[in-house]
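# Architecture and fold: a report
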Amino acid sequence: MRPILVVLLLGIGVHLSAQQHKTYTLYFDFNEHQLSAQAEQALQSLLTQVLDLDEYSIQIEAHTDDKGTQSYNRRLAERRAKTVQVFLEKKGLSIESSNVMNFGEDRPAYNNEEEMGRQLNRRVDVIVTTVPLESLDDLMAKLRGDSRQIFTINPNESTELTADNGTTLWIPAAAFQLKDGSLPAGPIDLIIEEHYNKSGMVTNELSTHSGDQMLESGGMIYIGAESKGQPLDMREGVSLTLGMPTNAQQEGMQLFDAQTDAGGRPVDWIPTGQGFARTEKEALLIPPQPKYPVYIKWRSPVHRNWKEMPRKPAPISVATYRAPQRPVLENVQYNPPFLKQVFMGKKKIEEKKRKIYEAQVARYHKNMMNYEKRLLAYERAKVEQEKKLTAYQWAYGTWEGMAVGDSLEFTQMHNKLETDFRDRVQEKYRIRLADWQNTRDSIMTAYYDAQMERGELTMDGLSYYFYKVESPGWINCDRFYNVPQEDKMALAVRDADYEEEKVFVVFKEINSMMRLYSKQGDRYVQNNLPKDAEVKIIALKVDNGMPSMAVLDTRVGEEPVIDLKYEACKIKDIKEVLANI
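## So, the packing of helix α5 (residues 136–144) against helix α9 (residues 571–579)
- Put simply, α5 and α9 touch, their axes get as near as 10 Å, and they point 60 degrees apart. By the criterion of interaxial angle, the relationship of α5 to α9 is oblique. Judged by the sense of rotation from one axis to the other, the crossing of α5 with α9 is right-handed. Contacts between α5 and α9 involve L139, K142 and L143 from the first element and I571, I574 and K575 from the second.

## Things to note about empty space enclosed by the protein
- Enumeration according to the criterion identifies 1 cavity of 30 Å³ or more in this entry.
- Space inside the largest cavity adds up to approximately 30 Å³.
- Residues of the lining of the largest cavity, tallied by class, amount to 8 nonpolar, 1 polar and 1 charged.

## A short note on the pattern of salt bridges
- This model, assessed by the stated rule, comprises 22 salt bridges.
- Of the charged contacts, one joins E427 and R430 as a salt bridge, the two residues approaching to 2.7 Å between their closest N and O atoms. On the criterion of helical spacing, the pair formed by E427 and R430 is a turn pair, its members being 3 residues apart in helix α8 (residues 338–454).
- In this structure, a network of salt bridges that share partners links the residues D137, R144, E205, K502 and R515.

## Structural notes on α9
- Taken together, the buried positions of α9 are I571, I574 and L578. Along the axis of α9, the buried positions cluster into a sector of 60 degrees, meaning they face one direction only. Exposed positions of α9 whose direction lies more than 90 degrees from the buried face are K572, E576 and A579.
- Close packing links the buried residues of α9 with α5, α6 (198–203), β25 (534–543) and β26 (546–555).

## Considerations on the sheet that holds strand β23 (residues 519–520)
- Taking strand neighbours across the sheet as the criterion, the 4 strands line up as β23-β24-β20-β27 in an open arrangement whose pairing is mixed. The outermost strands of the open sheet, each flanked by one partner alone, are β23 and β27 (562–563).
- Where strand β20 (residues 488–494) lies against β27, 2 bridges are found, and the strand directions are parallel. In the strand pairing of β27, V493 is matched with I562.

## Considering the packing of aromatic side chains
- Applying the stated criterion across every chain, the model contains 5 aromatic pairs.
- Here the aromatic rings of Y222 and W474 are separated by 5.5 Å at their centres, their planes lie at 50 degrees, and the arrangement is tilted. Of this pair, Y222 sits in strand β12 (residues 213–227) while W474 is found in strand β19 (residues 473–480), placing the two residues 252 residues apart along the sequence.
- With a relative accessible area of 7%, W474 lands in the buried category.
- For the ring pair F256 and F480, a centre distance of 5.6 Å and an interplane angle of 70 degrees mean the geometry is edge-to-face. Taken together, the positions of F256 in strand β16 (residues 254–260) and F480 in strand β19 put the pair 224 residues apart, joining distant regions of the chain.

## Let's talk about a negative patch on the surface
- Where like charges cluster on the molecular surface, the negative patch consists of E486, D487, D532, E558 and E559.
- Positionally, E486 belongs in the loop between β19 and β20.
- Taking relative accessible area as the criterion, E486 reaches 59% and is therefore assigned exposed.

## Things to note about α5
- Those residues of α5 lying buried are L136, D138, L139, M140 and L143.
- For α5, the elements touching its buried residues are α6, β21 (501–507), β25, β26 and α9.
- Its side-chain oxygen at 3.4 Å from the backbone nitrogen of D137, S135 defines the N-terminal cap of α5.

## Re unusual backbone geometry
- With phi around 55 degrees, E205 is a residue other than glycine that occupies positive phi space.
- We classify E205 as buried; its relative accessible area is 12%.
- One non-glycine residue, N544, adopts positive backbone phi at about 55 degrees.
- A relative accessible area of 74% means that N544 is categorised as exposed.

## Some details on the side chain of H63
- Here H63 shows up in strand β3 (residues 56–63).
- Residue classification places H63 among the buried residues on the basis of a relative accessible area of 3%.
- Setting aside chain neighbours within four positions, we find H63 in contact with A77, R80, F103, G104, R107, N121, R122, R123 and D125.

The rules behind these values
Residues numbered from 1 in each chain as written. Predicted model: local features only at pLDDT ≥ 70, side-chain atom pairs only at ≥ 80, totals over all residues. Heavy atoms only, no water. Axes fitted to C-alpha atoms, helices over the stretch in contact; angles between N-to-C directions. Helix = DSSP H or I, 4+ residues; strand = E, 2+ residues; numbered from the N terminus. Parallel < 35°, antiparallel > 145°, perpendicular 65-115°, else oblique. Left-handed = near helix turned anticlockwise from the far one by under 90°. Contact = heavy atoms within 4.5 Å. 1 Å grid on protein atoms, 1.4 Å probe; cavity = no way out; pocket = protein on both sides within 12 Å on 5 of 7 lines; lining within 4 Å. Points joined across faces, edges and corners; volume = space filled by probe spheres on them. Nonpolar A, V, L, I, M, F, W, Y, C, P; charged D, E, K, R; others polar. Salt bridge = Lys/Arg side-chain N within 4 Å of Asp/Glu carboxyl O. Buried < 20%, exposed > 50% of the residue type's maximum accessible area, 1.4 Å probe, protein only. Arc of directions from axis to C-beta. Pairing = 2+ DSSP bridges. Phe/Tyr/Trp six-rings, centres within 6.5 Å; stacked < 30°, edge-to-face > 60°. Patch = residues over 30% accessible without salt bridge, like charges linked within 9 Å, V, L, I, M, F, W, Y side chains within 5 Å. Areas by Shrake-Rupley, 256 points an atom, 1.4 Å probe, with all protein chains shown as cover. Lys, Arg positive; Asp, Glu negative; His and termini not counted. Charge placed at Lys NZ, Arg CZ, Asp CG, Glu CD. Polar contact = N/O pair within 3.5 Å; in protein donor to acceptor, adjacent residues only side chain to side chain.

Structure (structure tokens):
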């Protein structure tokens, strides 16, 4: 046998299509179904690549040449396919029987009339279909999966339910309404997501910060409601009672509302000022704490008298006049029909040309006079425009000087009015807060007195934070992680390439995770982090449809700049890292 034929019998062919199908072709000798050493080596190469994938499927298609009967070739193809299937399954690949096909001689890829064609038809095609990641958001979606829990409830009955991680929710009857204000007619699907650990915070990108202040989290919850696919709001004046489990209640915990992006994911947390209740009964009885007034920072408008502002003169159009061309007698064309030329004679034809030329010269002089008039008018307009611009610049400078003074006076007056307004709002808030505290103390005193009289006062309920929830969406049980300013430092993380990435700083000693958003040049910078805090930095990106991850343990302030070093990985590797933080 010629050497090239040996290569074809023992070699492997690879083809990659636009649909992410990769085909490995193994060749067999005549009437053989066992793998050669070279074929096994080729399959081992296939295993090395496939076992690094997160999602894939494998299809085996076995073929023969046309030597022998059709039934025998079918059985031979089946033996070849089985040999490949058993080899791959022993190495850890699971192949469904429906994905193994034995075509025998029915689908020749080459001409069976030639020996070379028959040798190429004695083959098994192993087709690997991969599902690459489309984007970094696609990776994050696969990491978090579907963490929603759906409870179907009767909207006309009060309901108390407990979610998988211990979150409790008490829903009064008729708590929800449709967008038009009407009550839902059928059952309600209540949607809950619970995220109490740092792994869920990373996969759901639930950064623990409020503005530029770091938070320590007691858990993050999403509450949504639908009826027949239509989203629901809560009725005005109605609230849900939420219980969030905790190993030990920590002072300073309060409820935060989410500020979300266009996709509905939280990007910041806004404090509501609502502290937690220690028992469910307390939460059900005590009205919600008044919300601290939130002021929106805005700049005072520049005060100017726009009606008196000088208007800049409109520009004149740029002249593109072209001087007319003087006619030339030699260029005059006059070509009468042949018979007419015979009767006219050469002299008359020349006279006709002369008349045409004289008419052209007359038009030329007329056009030349018009051209010179337009050019003169344009030059005059330019001079007049320069005068107008000079006058405008002087008038505008005079007006602007007066407007600046008016703006300063207006801004000072506005700032005084704004300060007075804030003081009045603050005073009203202090009065409402004092009233609420008196009401709370009165209810709590009565509650504990009654419990003491019945001998029922226990520590039950101290393993929950209870809150009033007045609208669906993301909420957060957090407290500000306050450290002295001198104990705060910035953390800088460098990522020099131009690929999109997501970078997370996970704190080891407290339940807190910060996603780094602000990138300056090639690095992310996060200010106001506690100095010397132990952190794990996790960075994720997608490269050619495959995930990459950088993981680093460090302390805040230990290095001036932390360089990220990415390594290719599988989704299960990322999940394993997250499970251990």
